[in-house]
2 protein chains.
Amino acid sequence: MFSDKHKSAGVVYPLGFTAAGVRAGIKKSGNLDVAVIYTEKEAAVAGVFTQNLVAAAPVRVSKVVVETGTAHAVVANAGCANACTGEQGLRDAEKMAEVAAAELHCHANDVIVASTGIIGINLPMDKMEAGIKAAVKELSREGSVNAGNAIITTDTYSKACATEIEIGGREVRLGAIAKGSGMIMPNMATMLCFITTDVDIDRKLLQEALSEITQVTFNMVTVDSDTSTNDMVIVLANGAAGNAKITEKNADYVKFYAALEEMCTELAKRIAADGEGATKFITINVHGAHNFADAKKVAMSVANSPLVKTAFFGEDPNWGRTICAVGYSGVNIHPDKTAIKFGGIPVYENGVGVQYDAAAMKNIMAAKDITVDIELGLGAAEATVWTCDFSYGYVKINGEYHT
Amino acid sequence: MFSDKHKSAGVVYPLGFTAAGVRAGIKKSGNLDVAVIYTEKEAAVAGVFTQNLVAAAPVRVSKVVVETGTAHAVVANAGCANACTGEQGLRDAEKMAEVAAAELHCHANDVIVASTGIIGINLPMDKMEAGIKAAVKELSREGSVNAGNAIITTDTYSKACATEIEIGGREVRLGAIAKGSGMIMPNMATMLCFITTDVDIDRKLLQEALSEITQVTFNMVTVDSDTSTNDMVIVLANGAAGNAKITEKNADYVKFYAALEEMCTELAKRIAADGEGATKFITINVHGAHNFADAKKVAMSVANSPLVKTAFFGEDPNWGRTICAVGYSGVNIHPDKTAIKFGGIPVYENGVGVQYDAAAMKNIMAAKDITVDIELGLGAAEATVWTCDFSYGYVKINGEYHT
């Protein structure tokens, strides 16, 4: 289980990082809405970005920064996505980087920019400029909580975590803040997640690790099957830990990789559990598939079914909707070889329902966390997808969240 | 526009057909739940069936009947889907056909069987047997309304229609009853639809016509992206109109095809408009695609987006969610070539939002019927998908519809 002891430290837990979050007046609510994360020591940078073809301006700008291989800062806002904003949007995203760079005395192409919020409106650049300047002034070793709160939208809380490992006798730290609540079916990453670490690592290895880990963590989350226009996961590694630089896939790499994967897994699960209107956190394990892609396809088919999701909201062990979604997943399953368990209790085998203890099942369904196991009986591959239920709250949030 | 003047006549509008619907005690509500449709004169039969790999027992039995090419009757029930019921389920579906055949003095392989309702429970065959016998006794030229009501589940009303055309100087009639409200993204046909006609037509041509028409009518509907285990569209053509038998794709075929397509289009639209909890009927037209498959993929991506559907429920002209769903559809679109209109009013062009008249847009959004036009600017192909919004009602119906 992931250790949460340094949670509030978040992105400033690793050495050499500071952060801040301020109110710039971009969110209608007046809450914190501009975040800056900074490392004076140059960091290797890795990133993964939305695969939605309608990518927002900050995604396009930040991809270029990641290509340079190094960065000093992240500047991000919530309340306005700066998506579908054309040339003006691109200029605004570039301007965010320029303003931050001028304040931080670095280059504009050292600054990752990110936005989340409503699509199709332009950033209020006067407010943004003042916000970035104020945030840079507030940068501190205590700023992660404010930075985390400045990037959330309909999230009920800011996802943050921090951990440490030992590499070659040196303590290496990792920290993160993340957000994501609706428009969530990453492919990559319909969310914002900023990870800092003081590890010293080759940037290509860092990118390779992040890309691989994203496939089995953030890309295995779905809230509502909507892949966003905006979102990204960024890792900044500034080397302040002073470990022998990781330049090959040695034992140190494996150790760092495991810590990064554990952190990404934890954040992915928290994003699913805090899905818009969610009352249940649902883990869907598919076993016995021919390959990972098939296993994921079946798991996503179940996780995205509105009928499955509303059944869990109603605490109804309606396995018929689950096997129905397995059947239309597009994977060539065999109904008679497929078996389904809810909370470890068999409910479907050999093509028919299984009698189960009603009281035990009631307890499973009443819990906040529910695990669904689907055995396909076809091969050895598996996949796990994390999702949530579909409640009145989702409809309320998205029927009332007006443009 | 489709003429509705003979609506209540439904499946008995064509000559030679009788129908009935009775209460057999299969629905918990005690409502009508067993339907029989009958033609003494042997009918050519065509059918299309769910492509869900977890197909229900009645689907497997009825496929065999369609392969024989002729049929005399349909027997259908609501309240229990007879899906995921194994060998017992198959025997029960066969028994439905046998009981009806004995009463109607035809062969069991002349009887189409269909079921809809909860997955995973066995049919109460004592009730079923009594119900079929009672329904056969009640068969009449006024029985379509009861038959229609006996096959609905969460539908708010029974979809029925009837029309006539003239072929070679003879009046040819078509009638239908249909149901479908949740678990609706036909591929084929997550619904039940029984169409009768007194046209005289070669059965292979009838099947060809139905298969083609299904692709652009029932398969273009989505309520909740869930493709059911059970559903089917059946056409019975008994030749009682006395037209010169249609044995080739001549002018008569074209005329009949057009009438059948018009009827299927109308029923498909009604099924979308009566989706579970629906407050809006939404027509999504995609234009300018490279091919039909791409156009359909984009339209379905938008129609299945919970964010798009909840926005329409909230009467919010949130085009950002629409272009987002276009962007992740998997079709290689160009954001700058794509244009979107709501109710004919441009909202997105050249990569950015378009200023529109707020009062005019408010009227569009307040209407029950809303049309979305999406121009991809890539080719000449188009597709139209029909769907509905996503409301509290959907969550209520599916969170509370317990197994």
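This text follows the structure it describes.
Residues numbered from 1 in each chain as written. Chains lettered and ligands numbered in written order. Predicted model: local features only at pLDDT ≥ 70, side-chain atom pairs only at ≥ 80, totals over all residues. Heavy atoms only, no water.

(A) Main features of the interface of chain B and chain A. Between chain B and chain A, the residue contacts involve 55 residues of the former and 55 residues of the latter. Between chain B and chain A, the buried area comes to about 4,100 Å², and carbon and sulfur atoms account for 64% of it. Between chain B and chain A we count zero salt bridges in total. Inspection of the chain B/chain A interface yields zero residue pairs in polar contact (both at pLDDT 80 or more). Residue assignment for the side of chain B that touches chain A shows that the elements contributing at least two residues are helix H8 (306-313), helix H9 (319-327), strand S12 (352-353) and helix H11 (392-400) of chain B. Considered class by class, the residues forming the side of chain B that touches chain A number 24 nonpolar, 23 polar and eight charged. (Contact = heavy atoms within 4.5 Å. Buried area = accessible area lost by both parts, 1.4 Å probe. Salt bridge = Lys/Arg side-chain N within 4 Å of Asp/Glu carboxyl O. Polar contact = N/O pair within 3.5 Å; in protein donor to acceptor, adjacent residues only side chain to side chain. Helix = DSSP H or I, 4+ residues; strand = E, 2+ residues; numbered from the N terminus. Nonpolar A, V, L, I, M, F, W, Y, C, P; charged D, E, K, R; others polar.)

(B) Structural view of the sheet that holds S12 of chain B. Residues and elements named next belong to chain B. Within the open sheet, the six strands sit side by side as S12-S11-S10-S13-S9-S14. Their pairing is mixed. Because the sheet does not close on itself, it has two edges, and the strands there are S12 and strand S14 (381-388). Pairing analysis gives seven bridges linking strand S9 (residues 281-289) to strand S13 (residues 369-375), with the strands arranged parallel. Its bridge partner lying in S13, Val286 is registered against Ile374. Taken strand by strand, helix H7 (residues 292-303) contacts S9, S13 and S14, and its axis lies near 25° from that of S14. (Pairing = 2+ DSSP bridges. Axes fitted to C-alpha atoms, helices over the stretch in contact; angles between N-to-C directions.)

(C) Examining the pattern of salt bridges more closely. All names here are of chain A. Evaluation of the coordinates by the stated rule reveals ten salt bridges over all chains. Taking the shortest distance from any N to any O, the salt bridge between Arg270 and Glu266 comes out at 3.0 Å. Pair noted here: Arg270 and Glu266 are both in helix H6 (residues 251-273), with a separation of four residues, about one helical turn.

(D) How the structure looks around the pairing of strand S8 (residues 232-237) of chain B. Residues and elements named next belong to chain B. S8 sits mainly inside the fold: six of its six residues count as buried. Relative to S8, strand S2 (residues 34-49) runs antiparallel, the two sharing six bridges. Residue pairing for S8: Phe49 is matched across the bridge by Met232. One ladder, built from six bridges, connects strand S7 (residues 192-197) with S8; its direction is parallel. Paired with Cys193 across the two strands is Val233, which belongs to S8. (Buried < 20%, exposed > 50% of the residue type's maximum accessible area, 1.4 Å probe, protein only.)

(E) Fine view of the packing of helix H2 (residues 86-104) of chain A against helix H3 (residues 125-138) of chain A. All names here are of chain A. Orientation of H2 relative to H3, taken along the N-to-C sense of each, is 30°, at an axis distance of 10 Å. Between H2 and H3, the crossing angle belongs to the class labelled roughly parallel. Handedness of the H2/H3 crossing: right-handed. Between H2, through Asp92, Lys95, Met96, Val99, Ala100, Glu103 and Leu104, and H3, the contact on the second element is made entirely by Met125, Met128, Glu129, Ile132, Lys133 and Val136. Looking at the contact of H2 with H3, its residues break down into eight nonpolar, no polar and five charged. (Parallel < 35°, antiparallel > 145°, perpendicular 65-115°, else oblique. Left-handed = near helix turned anticlockwise from the far one by under 90°.)

(F) A look at the relation of the copies chain B and chain A. Superposing chain B onto chain A takes a rotation of 180° plus a shift of 0.0 Å along the axis, which leaves an RMSD of 0.0 Å. Taken together, the rotation angle and the small translation identify this as a two-fold axis. Ranked by how close their C-alpha atoms come to the rotation axis, the residues of chain B are headed by Tyr392 of chain B, at 2.8 Å. Mapped onto chain A, 100% of the interface residues of chain B again fall at the interface, so both copies present the same surface. (Least-squares fit on C-alpha atoms with pLDDT ≥ 70 in both.)

(G) Just the packing of aromatic side chains, in detail. The tally for this structure, following the rule as stated, stands at ten aromatic pairs over all chains. Their ring planes at 40° and their centres at 5.4 Å tell us that Trp319 of chain A and Tyr348 of chain A sit as a pair that is tilted. With a gap of 29 residues between them, Trp319 of chain A in helix H9 (residues 319-327) and Tyr348 of chain A in strand S11 (residues 345-349) connect regions that are remote in the sequence. The class of Trp319 of chain A is buried, set by a relative accessible area of 8%. With a centroid separation of 5.4 Å and an interplanar angle of 85°, the aromatic rings of Phe313 of chain B and Tyr392 of chain B are classed as edge-to-face. Highlighted residues: Phe313 of chain B in helix H8 and Tyr392 of chain B in helix H11, separated in sequence by 79 residues. Exposure remark for Tyr392 of chain B: the relative accessible area of 29% places this residue in the partly exposed category. Clustering of aromatic rings is evident, with ring pairs tying together Phe313 and Tyr392 of chain A together with Phe313 and Tyr392 of chain B. Its guanidinium or amino end placed over the ring of Tyr13 of chain A, Arg173 of chain A lies 4.1 Å from that ring's centre, counting from NZ or CZ. (Phe/Tyr/Trp six-rings, centres within 6.5 Å; stacked < 30°, edge-to-face > 60°. Lys NZ or Arg CZ within 6 Å of the ring centre and 35° of its normal.)

(H) Molecular detail of the sheet that holds S11 of chain A. Residue and element names in this part refer to chain A. Spatially, S12-S11-S10-S13-S9-S14 is the arrangement adopted by the six strands of the open sheet, whose pairing is mixed. A single partner strand is all that each edge strand has here, and the edge strands are strand S12 (352-353) and strand S14 (381-388). Across two bridges, the pairing between S11 and S12 is antiparallel. Within S12, the residue paired with Tyr348 across the bridge is Gly353. Its contacts with the sheet put H6 on strand S9 (281-289) and S14, and the angle it makes with S14 is roughly 45°. Along the sheet face, helix H10 (residues 358-366) touches strand S10 (339-342), S11 and strand S13 (369-375) and points at about 100° away from the line of S11.

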